[in-house]
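Listed below, chain by chain, are the residues.
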Amino acid sequence: MEIPNDIELSLVKKFRQGIWSRFLKGIKDYQLIQEGDKIAVCISGGKDSMMMAVCMKRLQRYSKVPFDVEYIVMDPGYAPANRQKIIDNAAKLEIPIKIFETKIFDSVVNVKQNPCYLCARMRRGYLYKNAQELGCNKIALGHHFDDVIETIVMGMLYGSQVQTMMPKIHSENFEGMQLIRPLYMVREEDIINWCKYNGLSFIQCACRFTEEREVYEDGSSNSKRQEVKELLKKLRQVSPAIDKNIFRSVENVNLQTIISYHIGDEYHHFLDDYDKGRSVRGTIAGSDE
């Protein structure tokens, strides 16, 4: 049996509570991995996806549920230095990556409206396609708990909707494929601390658009996600439990108190059955039930 290196072992020793236990909890609670799965672990080169790859490598080795993995890196047009850093880090972490080429950055560089949205869709499509060609039925992305919370708040403040980043979803365009998020319960702070503890340095966002975004004197930027990060940071100073409360709010939705909601194209409005006289607790108003 392969002997784990010290960096991997730190996940289950120094960071067992903050990372490894929460990683396992997300896998179990949301049934992300089943026997016989072949999962493409998608590595962007950043801290989150790299740590996810180490977690998945260890899980595959010791899991009682047998599954296979492929570690894939999509190069959307990285600068040579960023590409080499990904290769060097993968070697250091003993991750056997497979790199495939695309020209996504070149394709969207002149797009004026929503280039980030288009880039994200194209990247996701390439990941599904290449994973499927490798015989995989799932792709794993490195989104963590903080990403989930930020998505909920962004949806409300800027998207006029209540939604969340789901722990797993079915692909709409690649039949039989699913997307899973193994770091769903892991906090970003713990990932950062793991990197610092092991002296690891990963690439930041290598996108030419975000590199050119305007940054103001107070450190803020025109990135909506960054604005939400700063807002949550301030709210945590008042209430340390703010993140858990936001997350639990999407686990504890009472549809009797929602003005309208939809499931796909099927829309519902509270007036549809208001005259039935049900209270917000679901009982008949005025009854002893």
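Attention here is on the structure that accompanies the text. Keep in mind that this is a model prediction, so the values were computed, not measured.

**Remarks on the packing of helix α2 (residues 16–29) against helix α8 (residues 188–197)**
Where α2 meets α8, the closest approach of the two axes is 9 Å, and the angle between their N-to-C directions is 125°. With respect to each other, α2 and α8 are oriented oblique. Classified by chirality, the crossing of α8 by α2 is left-handed. In this structure, α2 contributes G18, I19 and R22 to the contact, and α8 contributes D190, I191 and W194.

**Structural notes on the packing of helix α7 (residues 145–158) against helix α11 (residues 242–249)**
Where α7 meets α11, the closest approach of the two axes is 10 Å, and the angle between their N-to-C directions is 65°. Considering how the two elements wind past one another, α7 and α11 form a crossing that is left-handed. Across the interface between the two elements, F145, V148, I149, I152 and V153 from α7 touch D243, I246 and F247 from α11. Class assignment of the residues belonging to the contact of α7 with α11 gives a composition of seven nonpolar, no polar and one charged.

**Thoughts on the pattern of salt bridges**
Taken as a whole and assessed by the stated rule, the structure comprises 22 salt bridges. A salt bridge links E227 to K224; its shortest N-O distance comes to 4.0 Å. One end of the pair is E227 and the other is K224, both in helix α10 (residues 224–238) and three residues apart, which spans about a single turn. Taking relative accessible area as the criterion, K224 reaches 41% and is therefore assigned partly exposed. Salt bridges here are not isolated pairs; linked through shared partners, they connect K47, D48, E150, E188, R225 and K229.

**Points about the nonpolar core**
Burial of nonpolar side chains together is a common tendency in soluble globular proteins. One finds I139 and W194 to be the most contacted residues of the largest nonpolar core, which totals 57 residues. Ranked by residue count, the leading element in this core is helix α3 (residues 47–62), at eight residues. Setting aside anything within four residues of it in sequence, one finds W194 in contact with I7, S10, L11, F15, I19, M51, V54, L93, L200 and F202.

**Considerations on α11**
Turning to α11, its buried residues are I242, D243, I246 and F247. Angular distribution of buried residues about the axis of α11 spans 135°; they occupy a single face of the element. On the buried face of α11, the contacting elements are α7 and α10.

**Brief notes about the sheet that holds strand β5 (residues 168–170)**
Judged by pairing direction, the sheet is mixed, and its six strands sit side by side in the order β3-β2-β1-β4-β6-β5 without closing on themselves. At either end of the open sheet lies a strand with only one pairing partner, and these are β3 (97–101) and β5. Taken pair by pair, the neighbouring strands of this sheet meet at an average axis angle of 25°, ignoring direction. Sheet topology places strand β1 (residues 38–42) next to strand β2 (residues 68–75); five bridges connect them, and they run parallel. Bridge assignment links V41 to a residue of β2, and that residue is Y71. Lying over the sheet, helix α4 (residues 80–92) contacts β2 and β3, oriented at roughly 165° with respect to β3.

**A short note on the side chain of E70**
Relative to the helices and strands, E70 is located in strand β2. Judged by its relative accessible area of 13%, E70 falls in the buried class. There is a polar contact of 3.0 Å between the side chain of E70 and the side chain of K98. Leaving out residues up to four positions away in the same chain, E70 has contacts with K38, I39, A40, V41, K98, L134 and C136.

Reading the values: rules and limits
Residues numbered from 1 in each chain as written. Predicted model: local features only at pLDDT ≥ 70, side-chain atom pairs only at ≥ 80, totals over all residues. Heavy atoms only, no water. Axes fitted to C-alpha atoms, helices over the stretch in contact; angles between N-to-C directions. Helix = DSSP H or I, 4+ residues; strand = E, 2+ residues; numbered from the N terminus. Parallel < 35°, antiparallel > 145°, perpendicular 65-115°, else oblique. Left-handed = near helix turned anticlockwise from the far one by under 90°. Contact = heavy atoms within 4.5 Å. Nonpolar A, V, L, I, M, F, W, Y, C, P; charged D, E, K, R; others polar. Salt bridge = Lys/Arg side-chain N within 4 Å of Asp/Glu carboxyl O. Buried < 20%, exposed > 50% of the residue type's maximum accessible area, 1.4 Å probe, protein only. Core = buried A, V, L, I, M, F, W, Y, C linked by side-chain atoms within 4.5 Å. Arc of directions from axis to C-beta. Pairing = 2+ DSSP bridges. Polar contact = N/O pair within 3.5 Å; in protein donor to acceptor, adjacent residues only side chain to side chain.

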